[in-house]
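Fold and contact review
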Amino acid sequence: QVQVIESGGGLVQPGGSLRLSCTASGRSFSNYPMGWFRQAPGKEREFVATTRWIGGSAYSKYYANSVKGRFTISRDNAKNTVSLQMNSLLPEDTAIYYCAASEIAGLIAGTIRNTENYHFWGQGTQVTVSS
């Protein structure tokens, strides 16, 4: 019954910005990891960014090295959403971006980046960075 829906993709020039949004329904994910992955043509799906609950309303944020300093992940628990602000976009960022949520509330930090630990996936939104 859980649904994950993301949006916000599009075509942007190198150096431009996009903001992706994701909404989960069916239950609250306040204490569960939620984040973003991407898959380029002919490539494996890879980790982009995610959040891990560390108590109360606090989260630790994790980023792939390839996007660190350019992308920012944020959560709005009241709306059960997670967003990804993407700045200084590069052609290498071109991919289908997927929002994902884990069903493991206590997922340890060492496995927070692993695709297999996420169980609810959105349909994907295309991001194309080209001049």
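Here goes a summary of the coordinates provided.

**Here we look at the overall build of the chain**
Within the chain one finds 0 helices and 11 strands. Seen in sequence order, the chain has helices and strands lined up from the N terminus as β-β-β-β-β-β-β-β-β-β-β. The C-alpha radius of gyration of the chain comes to 14 Å, within 12% of the 14 Å expected for a compact globule of 131 residues. The proportion of buried residues among the 131 residues of the chain is 42%. Considering only intrachain contacts with a sequence separation of at least 6, the fraction spanning at least 24 residues in the chain is 61%.

**What to know about the nonpolar core**
Residues Met34, Trp36, Val48, Phe71, Leu84, Met86 and Tyr97 are the most contacted members of the largest nonpolar core, which totals 34 residues. It is strand E9 (residues 95-101) that contributes the most residues to this core, 5 residues altogether. Not counting residues up to four positions away in its chain, the partners in contact with tyrosine 97 are Glu6, Leu20, Phe37, Arg38, Val48, Phe71, Leu84, Met86, Gly124, Thr125 and Val127.

**Brief notes about the sheet that holds strand E7 (residues 71-76)**
Strands sit in the order E1-E3-E8-E7 across an open sheet of 4 strands; the sheet is antiparallel. Whereas interior strands pair on both sides, the edge strands pair on one side only; in this sheet they are strand E1 (3-7) and E7. Averaged over all pairs of adjacent strands, the angle between their axes in this sheet comes to 15 degrees, without regard to strand direction. Two strands pair when backbone bridges link them, and E1 and strand E3 (residues 18-25) are joined in this way by 5 bridges, in the antiparallel orientation.

**Comments concerning the packing of aromatic side chains**
Applying the stated criterion to the full structure yields 6 aromatic pairs. Each ring, one from phenylalanine 29 and one from tyrosine 32, has its centre 5.8 Å from the other, and the planes form 75 degrees; the classification is edge-to-face. Ring geometry for tyrosine 98 versus tryptophan 121: centroids 6.4 Å apart, planes at 75 degrees, classification edge-to-face. Of this pair, tyrosine 98 sits in strand E9 while tryptophan 121 is found in strand E10 (residues 120-121), placing the two residues 23 residues apart along the sequence. Residue classification places tryptophan 121 among the partly exposed residues on the basis of a relative accessible area of 25%. One aromatic cluster in this structure is built from Phe37, Phe47, Tyr98, Tyr118 and Trp121.

**Let's talk about the side chain of serine 83**
Take serine 83: it is sitting in strand E8 (residues 81-86). Taking relative accessible area as the criterion, serine 83 reaches 10% and is therefore assigned buried. Those residues in contact with serine 83 that sit more than four places away from it in its chain are Arg19, Leu20, Ser21, Trp36, Thr72, Ile73 and Ser74.

How each quantity is defined
Residues numbered from 1 in each chain as written. Predicted model: local features only at pLDDT ≥ 70, side-chain atom pairs only at ≥ 80, totals over all residues. Heavy atoms only, no water. Helix = DSSP H or I, 4+ residues; strand = E, 2+ residues; numbered from the N terminus. Rg over C-alpha atoms; globule rule 2.2 N^0.38 Å. Buried < 20%, exposed > 50% of the residue type's maximum accessible area, 1.4 Å probe, protein only. Contact = heavy atoms within 4.5 Å. Core = buried A, V, L, I, M, F, W, Y, C linked by side-chain atoms within 4.5 Å. Pairing = 2+ DSSP bridges. Axes fitted to C-alpha atoms, helices over the stretch in contact; angles between N-to-C directions. Phe/Tyr/Trp six-rings, centres within 6.5 Å; stacked < 30°, edge-to-face > 60°.

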